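Residues per chain are reported as follows:
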Amino acid sequence: MSRIAEIAAALAGYDPQALGVGAVQAFLARLAAPAAVTENERIPLREALGRVLAEDIVSPVSVPPHDNSAMDGFAFDGALLPADAASDASVTLRVAGTALAGAAWRGTLGPCDAVKIMTGAVMPAGLDTVVPQEFCFVEGDQVRFPAKALRRGDNRRLCGEDLMQGQPALLRGERLSPAALGMVASLGLPAVPVLRRLRVAYFSTGDEILSLGDAPREGAVYDSNRYTVFGLVNRLGCELIDLGLVRDDPDTLAETLRRAAGEADAIITSGGVSVGEADHTRAVMQQLGDMAFWRVAMRPGRPMAVGLIPKPEQAQRPAVLFGLPGNPVAVMVTFLAFVRPALLRMMGCHERGCAPPPLLRARSVSAIRKKPGRTEYQRGRVEPVPGAEPAVRIAGNQGSGVLSSMVEANGLVVLHHEQGHVAAGDMVDVMMFEGVI
Ligand SMILES: Nc1nc2c(c(=O)[nH]1)N[C@H]1C(S)=C(S)[C@@H](COP(=O)(O)OP(=O)(O)OC[C@H]3O[C@@H](n4cnc5c(N)ncnc54)[C@H](O)[C@@H]3O)O[C@H]1N2
Ligand code: MOO
């Protein structure tokens, strides 16, 4: 049995002519093998943004490396605070010295001594609490402050409270965010082991498509999908192999598809997956690979093809093909809902990192027409509303070829499979995509 047939057989109620969004996601979770990439390399931290860790990172040190102050103020022994937390008493101590960040104070303390301390300075031995300087009155070498607002241990950061020496700080499969880069740097590590970039080949199909630089001609449109996909794939940190624009000619299509499978782990195409007469794309895909052609119960993005295209060296894992519909917004929506999670899985990301963006609840300013029985994604602009839930407004023309409303939008209003019309003022789910795609 072919791999596609095997996965289809394992999914209850699989119907390629009316596949729900959830069923597509479940199918792709099986098709896109986790960690298609195994080769790894060690690279400088500065180059590692968006890359996927190939090994766990175990903390060689504790962070912070010592107990230190979280405030500019005075360090003292918290045992000197009155037992009654509500007490109006004030505490008066002698200031024995000053501890600076990077210059610890190492003097000897008397029983009622405090040390003036700066944020980040090492806590002097025996002192465990810091009173911020705003609460203090200083006279000569005496400092006085009200006890009321303070608890023992306040304003002190403990050694290892962020990361403990010997503990795993980050796990294999983490896609390195700016915060993760900073965290690795806080451990003093200048380089990280990462998996090699996933290689994604792309080509556009269609005789009516023009490349940039071509003179306009009647009935033709410029190839916008190539640039959208360039942006989408780059955002994920994959290597894009741009195979350009392929005419609707079976030999050229077959040659390009073979080349794509030879060079890449995944292949994305746009156009030619619907039922148009002049399209050879479907036939060529079917001839070269193990394919499924779907009508997904969604809008935009109804026709879609997925499959496996074997590599020239048969022993190697085949390339996963995502044949996206030609309409520019359908490309983006199917990428966000289906291709992106699958690519993340293939890149070696851990499960938590592979999910589509979480949904935000927002109040719809617009009434929205919606037929139950398919999932619809409408471009929307979410704005914060002071003191209330965020509001979402449907952005312009929702035609699946209209990119201007996609540019205006910052999220997709997700109208779920069973959902019907939405009245103005109803709450809806929005998949925020700013910074994601
Ligand atoms: N009888 C039916 N017709 C259509 C159906 C259907 O189910 N039955 N589905 C419609 C839907 S929905 C979509 S989406 C399209 C998808 O068709 P294809 O994937 O075969 O795509 P094309 O026909 O090649 O192109 C569709 C549309 O997009 C424009 N396009 C294509 N490539 C690009 C590109 N690289 N850059 C910019 N624009 C592109 C193309 O000019 C067409 O306008 O089929 C419907 N029809
Ligand atoms: O479902 Mo198609 O992708 O909208 O235009």
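None of these values were measured; they are calculated from a predicted model. (Residues numbered from 1 in each chain as written. Chains lettered and ligands numbered in written order. Predicted model: local features only at pLDDT ≥ 70, side-chain atom pairs only at ≥ 80, totals over all residues.)

Chemist: Before we go on, may I ask you to explain the sheet that holds strand E13 (residues 199-205) in this structure?
Modeler: In any sheet, the strands associate via hydrogen bonds between backbone groups, in a parallel or an antiparallel arrangement. With respect to topology, 6 strands assemble into an open sheet ordered E16-E13-E17-E21-E20-E18, the strand pairing being mixed. A single partner strand is all that each edge strand has here, and the edge strands are strand E16 (239-246) and strand E18 (290-295). Taking the axes of each pair of neighbouring strands and ignoring which way they run, one obtains an average angle of 15° across the sheet. Bridge count between strand E20 (residues 303-309) and strand E21 (residues 319-324): 5 bridges; the pairing is antiparallel. Its bridge partner being in E21, Ala305 is matched across the sheet by Gly323. Sheet strands touched by helix H4 (residues 225-235): E13, E16 and strand E17 (266-270). Its angle to E13, the strand with the most contacts, is close to 165°. Running over the sheet, helix H5 (residues 250-263) touches E13, E16, E17, E20 and E21 and is turned about 175° from E16. (Pairing = 2+ DSSP bridges. Helix = DSSP H or I, 4+ residues; strand = E, 2+ residues; numbered from the N terminus. Axes fitted to C-alpha atoms, helices over the stretch in contact; angles between N-to-C directions. Contact = placed C-beta atoms within 7 Å.)

Chemist: What's the story with the nonpolar core in this structure? I'm lost.
Modeler: Soluble, globular proteins show a tendency: their nonpolar side chains are buried together. With 92 residues, the main nonpolar core has Val200, Ala266, Ile267, Val320 and Leu343 as its most contacted residues. Tallying contributions element by element places helix H7 (residues 328-347) first for this core, with 15 residues. Each residue touching Val200, except ones within four places of it in the same chain, is listed here: Val233, Cys238, Glu239, Leu240, Ile241, Ala264, Ala266, Ile268 and Leu343. Met71, Ala99, Leu127 and Val130 belong to the second largest nonpolar core, which has 20 residues in total. (Core = buried A, V, L, I, M, F, W, Y, C linked by C-beta atoms within 7 Å. Buried ≥ 20, exposed ≤ 12 C-beta atoms within 10 Å, placed from the backbone.)

Chemist: It is not clear to me how unusual backbone geometry should be interpreted in this structure. Could you clarify?
Modeler: Trans is the common state for peptide bonds, and a negative phi is the common state for residues other than glycine. In this chain, Val63 is followed by Pro64 through a cis amide linkage whose omega measures -10°. Tracing the chain through its elements places Pro64 in the loop between strand E2 (57-58) and strand E3 (68-69). Following Arg299, the chain continues to Pro300 via a peptide bond in cis, the omega torsion being -5°. A positive phi angle, near 60°, is found at Asn155, a position not held by glycine. Look at Asn155 and you get partly exposed, because 19 C-beta atoms sit within 10 Å.

Chemist: Whenever I open this one, the pairing of strand E5 (residues 90-99) confuses me. Can you help?
Modeler: Each regular strand displays side chains that alternate between the two surfaces of the sheet. Inspection of the sheet shows E5 paired to strand E9 (residues 142-146) by 5 bridges, in the antiparallel sense. Paired with Ser90 across the two strands is Pro146, which belongs to E9.

Chemist: So what exactly am I meant to see when it comes to the sheet that holds strand E8 (residues 137-139) here?
Modeler: Within the open sheet, the 6 strands sit side by side as E7-E4-E6-E5-E9-E8. Their pairing is mixed. This sheet does not close on itself; its edge strands, each paired only once, are strand E7 (129-132) and E8. Going across the sheet, the axis of each strand differs from the next one's by a mean of 35°, ignoring polarity. For E5 and strand E6 (residues 113-117), the ladder comprises 4 bridges, and the chain directions are parallel. In the strand pairing of E6, Val95 is matched with Ala114.

None of this, on its own, says anything about what the molecule does.
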